[in-house]
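The lines below spell out each chain.
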Amino acid sequence: PEAPPGAAPGAAPPVAQAPEDPRALARFAAPAEAAPGRPPLAVVLLDEGEVADAAAAVAALPFPVSVALDPLRPDAAEAMAALRARGVEVLALAALPAGARPVDAAVAYEATLATLPEAVAVLDLGAGGLEAGSALAEGALARLAQDGLGAVVVAEGLGGALREAEAAGVPAARVLRDLDGAGQDARAVGRFLDDAARRAGGGEGAVVLARLRPGTLLALAEWAGGRRAGEVSLMPVSAVLLGRGPG
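All values derive from a computational prediction rather than experimental measurement. (Residues numbered from 1 in each chain as written. Predicted model: local features only at pLDDT ≥ 70, side-chain atom pairs only at ≥ 80, totals over all residues. Heavy atoms only, no water.)

A.B. asks: Can you lay out the overall build of the protein chain for me, pointing to particular residues and giving the numbers?
C.D. replies: Along the backbone of the protein chain there are nine helices and eight strands. Counting all 247 residues of the protein chain, 46% fall into the buried class. Across the protein chain, every contact between residues at least 6 apart in sequence was considered, and the portion connecting residues at least 24 apart equals 72%. (Helix = DSSP H or I, 4+ residues; strand = E, 2+ residues; numbered from the N terminus. Buried < 20%, exposed > 50% of the residue type's maximum accessible area, 1.4 Å probe, protein only. Contact = heavy atoms within 4.5 Å.)

What follows is the structure, encoded as structure tokens:
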């Protein structure tokens, strides 16, 4: 083929580059590389303000995690910026007021993503309107699909919410285990992680949830050096989500 006008004689034509994935899930994902043959295990830490310099504490962990932020926090945007500056990916905590209508869900999600524009996904702990069969789910999922975000849900049952998300074009994952929601100590957190690593090996990987607390951070760091951790690829949640759904 001929060289483009203005190119030096005999110059090779430019190599076409693959277009960048426009989805927020891909654009704002933390870099990560899976170990061959090891399924991904992702830890999502919900930052409830218990650690003063959360971004530094998270960055000090020996493996990448993802951090969920409440967009209603007065410092939500600043917390996101601090985490992103250290290469940590962010999720937005999704919550709707009691009695919310579909139009309320659209407004709430718009505001959430305006506050946390570099979120890769939303985290629905049960109040975000993504539960299967919810009248709110259709509008919420359409909003996520619009910008290419993923969803992480805490849901009971056999995955109806995940099927609805997949149908809407939203990569989604269910939280396999809450590590410290009942105040579990480091030993219990380690046992739960062992179980999650075993179960991740049987499928597409797994996602676990914990709070960003000093004791939990210590438990995660200690567990990362153990045998069971060597059986999985400890990855940001985007790595699990990008392996699911369209795109």
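A.B. asks: Outline the packing of aromatic side chains, supporting the account with residue identities and numerical values.
C.D. replies: Any two aromatic rings considered together are summarised by their centre-to-centre distance and by the angle between their planes. Taken as a whole, this structure holds zero aromatic pairs when the rule is applied. The ring of Phe 192 has Arg 177 lying over it, and the distance from NZ or CZ to the ring centre is 4.1 Å. (Phe/Tyr/Trp six-rings, centres within 6.5 Å; stacked < 30°, edge-to-face > 60°. Lys NZ or Arg CZ within 6 Å of the ring centre and 35° of its normal.)

A.B. asks: So what about the pattern of salt bridges? Which residues, and what values?
C.D. replies: In the structure shown here, the tally under the stated rule is 17 salt bridges. Arg 213 serves as the salt-bridge partner of Glu 48, at 4.0 Å between the closest nitrogen and oxygen. Remark: Arg 213 occurs in the loop between strand E7 (206-211) and helix H8 (214-223) and Glu 48 occurs in the loop between strand E1 (40-46) and helix H2 (54-59); sequence separation between them is 165 residues. What makes Arg 213 partly exposed here is its relative accessible area of 21%. (Salt bridge = Lys/Arg side-chain N within 4 Å of Asp/Glu carboxyl O.)

A.B. asks: Quick rundown of the nonpolar core? Include the residues and the values.
C.D. replies: Leu 41, Leu 45, Leu 91, Leu 130 and Leu 144 are the most contacted members of the largest nonpolar core, which totals 80 residues. Beyond its immediate sequence surroundings of up to four residues, Leu 45 is in contact with Val 58, Leu 61, Val 65, Ser 66, Val 67, Ala 68, Ala 210, Arg 211, Leu 212, Leu 217 and Leu 220. (Core = buried A, V, L, I, M, F, W, Y, C linked by side-chain atoms within 4.5 Å.)

A.B. asks: Residues and numbers for the layout of surface pockets, please.
C.D. replies: Here the second largest pocket defines a volume of roughly 170 Å³. Lining the second largest pocket, in full, are Asp 70, Pro 71, Leu 72, Leu 93, Ala 95, Ala 108, Ala 111, Thr 112 and Thr 115. (1 Å grid on protein atoms, 1.4 Å probe; cavity = no way out; pocket = protein on both sides within 12 Å on 5 of 7 lines; lining within 4 Å. Points joined across faces, edges and corners; volume = space filled by probe spheres on them.)

A.B. asks: Describe in detail helix H4 (residues 102-115), supporting the description with residues and values.
C.D. replies: In an α-helix there are 3.6 residues to a turn, and that puts residues three or four apart on one side. Look at H4: 20 Å from first C-alpha to last across 14 residues, which is about the 20 Å you get at 1.5 Å a residue. Within H4 the residues assigned to the buried category are Ala 105, Ala 108, Tyr 109, Thr 112 and Leu 113. Projected onto a plane normal to the axis of H4, the buried residues spread over an arc of 125° and lie on a single side. H4 presents Val 107 and Ala 114 as exposed residues on the side facing more than 90 degrees away from its buried surface. For H4, the secondary structure elements touched by its buried residues are strand E3 (89-94), strand E4 (119-124) and helix H5 (137-147). (Expected span 1.5 Å × (residues − 1). Arc of directions from axis to C-beta.)

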